[in-house]
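Fold and geometry: a report
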Amino acid sequence: MRSFLAILRRELRAYFVSPLAWVILAFLLFVQGGVFSMIVTALNDPQIPPGVTPYDVFFSNIFFWVTMLFITPVITMRLIAEERRSGTIESLMTAPVTETQVVLAKFFAALAFFGFLWLPTLVYPLIIERNTEIDWGPIASGYLGIFLVGGLFMAIGLFGSVFTKNQIVAAVLSFALVMLLFGGPWTGNFLSDETTKSLLGYAEVTAHMDELGRGIVDTRHLVYFLSTTALFLFLTVRALAAKKWS
């Protein structure tokens with residue numbers, strides 16, 4: 001546990017002293033600030049359909065996914081790739097620490113920093129509440145969805161970072177792997193087997209996030225995110241162990 005906490009603290013410190021981290025924060029707040037402006041405009045539009053919650057847009061619009069696709073590979077690209085480039089991976093892996101502890105420490109550090117990036121956006125619903133009544137249920141489930149999506153993308157990014165010493169290559173590889181989660185229904189159009197189509201549809205990340213953004217917290221969504229995240233963390237541990245002896 002002491003080794004795990006030491007790696008976790010080191011990774012968190014590396015995030016908060018990096019100028020790139022603050023560039024990512026500025027980018028996220030700029031994009032989501034624009035989305036919030038759209039929400040405020042929608043609240044003042046008398047033609048908005050009944051029953052539509054303008055804040056739902058915050059969790060399902062194209063800008064949300066562009067932001068996620070941009071910031072998650074950037075957050076994770078250095079986690080193992082930089083260790084391999086600088087040669088510190090050898091000393092790390094010969095220390096009294098397991099591959100699982102290394103992977104989990106880096107994963108939770110990245111996830112904690114990801115959560116920190118979204119923390120300022122909690123101000124948005126508080127501002128809206130001062131002017132109109134809002135349902136906090138969908139907002140809470142939406143932020144749960146953000147955290148779950150972030151965890152999955154961080155696990156994928158960490159997995160991509162194992163295979164290269166170049167951070168840019170790691171980011172591109174992570175982006176490509178994440179994009180596979182968006183192509184399920186499109187790929188299913190070329191298949192005739194209904195079971196395979198159903199599985200590909202279930203693997204599409206946007207469908208799970210859309211329902212969470214509407215306040216639908218189903219165990220299917222939790223199982224999807226947690227199991228897929230655990231799978232990529234397991235693969236990362238195995239890949240790191242293989243690299244250790246290669």
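As a starting point, this report considers the structure included with it. Counting from 1, residues in each chain are numbered in the order their sequence is written. Under the rules for a predicted model, residues below a pLDDT of 70 receive no local features and side-chain atom pairs below 80 are neither given nor counted, while totals for whole chains, interfaces and linings still include all residues. With hydrogens and water excluded, all non-hydrogen atoms of the structure serve as input to the side-chain values.

Secondary structure follows DSSP: runs of H or I at least 4 residues long count as helices, runs of E at least 2 residues long count as strands, and numbering of each begins at the N terminus. Helix and strand counts for the chain stand at 14 helices and zero strands. The rule is simple: take the accessible area with a 1.4 Å probe, protein chains only, and divide by the maximum for that residue type; under 20% is buried, over 50% is exposed, in between is partly exposed. Residues counted as buried form 44% of the 246 residues belonging to the chain. We call two residues contacting when some pair of their heavy atoms lies within 4.5 Å. Taking the intrachain contacts of the chain between residues at least 6 apart in sequence as the baseline, contacts between residues at least 24 apart amount to 79%. Looking at the chain as shown, the accessible area adds up to about 12600 Å², and 68% of this sits on carbon and sulfur atoms. Exposure was quantified through the Shrake-Rupley algorithm and a 1.4 Å probe, taking into account, for residues, occlusion by the shown protein chains and nothing else.

Residues belong to one nonpolar core when they are buried, are Ala, Val, Leu, Ile, Met, Phe, Trp, Tyr or Cys, and are joined through side-chain atoms within 4.5 Å. Counting 64 residues, the largest nonpolar core has Ile-75, Phe-114, Leu-152, Phe-153 and Val-205 as the members making the most contacts within it. A per-element tally of this core places helix H9 (residues 136–161) first, with 12 residues. Residues in contact with Val-205, not counting those within four places in the same chain, are Trp-65, Val-149, Leu-152, Phe-153, Leu-181, Phe-182, Tyr-224 and Phe-225. If you look at the next biggest cluster of nonpolar residues, it comprises five residues, including Val-35, Phe-36, Ile-39 and Tyr-124.

A word on the side chain of Thr-236. Checked against the element boundaries, Thr-236 lands in helix H14 (residues 219–244). Not counting the four nearest positions on each side in its chain, Thr-236 is found in contact with Ile-80, Val-103, Ala-155, Leu-158, Phe-159 and Val-162.

Every α-helical turn comprises 3.6 residues, leaving residues that sit three or four positions apart pointing alike. Multiplying 1.5 Å by the residue count of a helix minus one yields the expected span of that helix. Look at helix H4 (residues 62–76): 22 Å from first C-alpha to last across 15 residues, which is about the 21 Å you get at 1.5 Å a residue. Judged by how many residues are buried, H4 sits mostly within the fold: 11 of 15 residues are covered. The complete set of buried residues in H4 reads Phe-64, Trp-65, Thr-67, Met-68, Leu-69, Ile-71, Thr-72, Pro-73, Val-74, Ile-75 and Thr-76.

Aromatic rings from Phe, Tyr and Trp, taking only the six-membered ring of Trp, are treated as a pair when their centres fall within 6.5 Å; an angle between ring planes under 30 degrees marks them as stacked, one over 60 as edge-to-face, and anything in between as tilted. Under the criterion given, the structure shown has 15 aromatic pairs. Taken together, a centroid distance of 5.8 Å and an interplanar angle of 65° make the contact between Phe-159 and Phe-232 edge-to-face. In this pair, Phe-159 sits in helix H9 while Phe-232 sits in helix H14, placing the two residues 73 residues apart along the sequence. The pair formed by Phe-159 and Phe-232 is uniform in burial state, with each residue classed as buried. Through successive ring pairs, a cluster of aromatic residues spans Tyr-15, Phe-16, Trp-22, Phe-113 and Phe-116. Cation placement over rings: the criterion is NZ of Lys or CZ of Arg within 6 Å of the ring centroid and within 35° of the ring normal. In this arrangement the basic side chain of Arg-78 is found over the ring face of Tyr-15, its NZ or CZ atom lying 5.4 Å from the centre.

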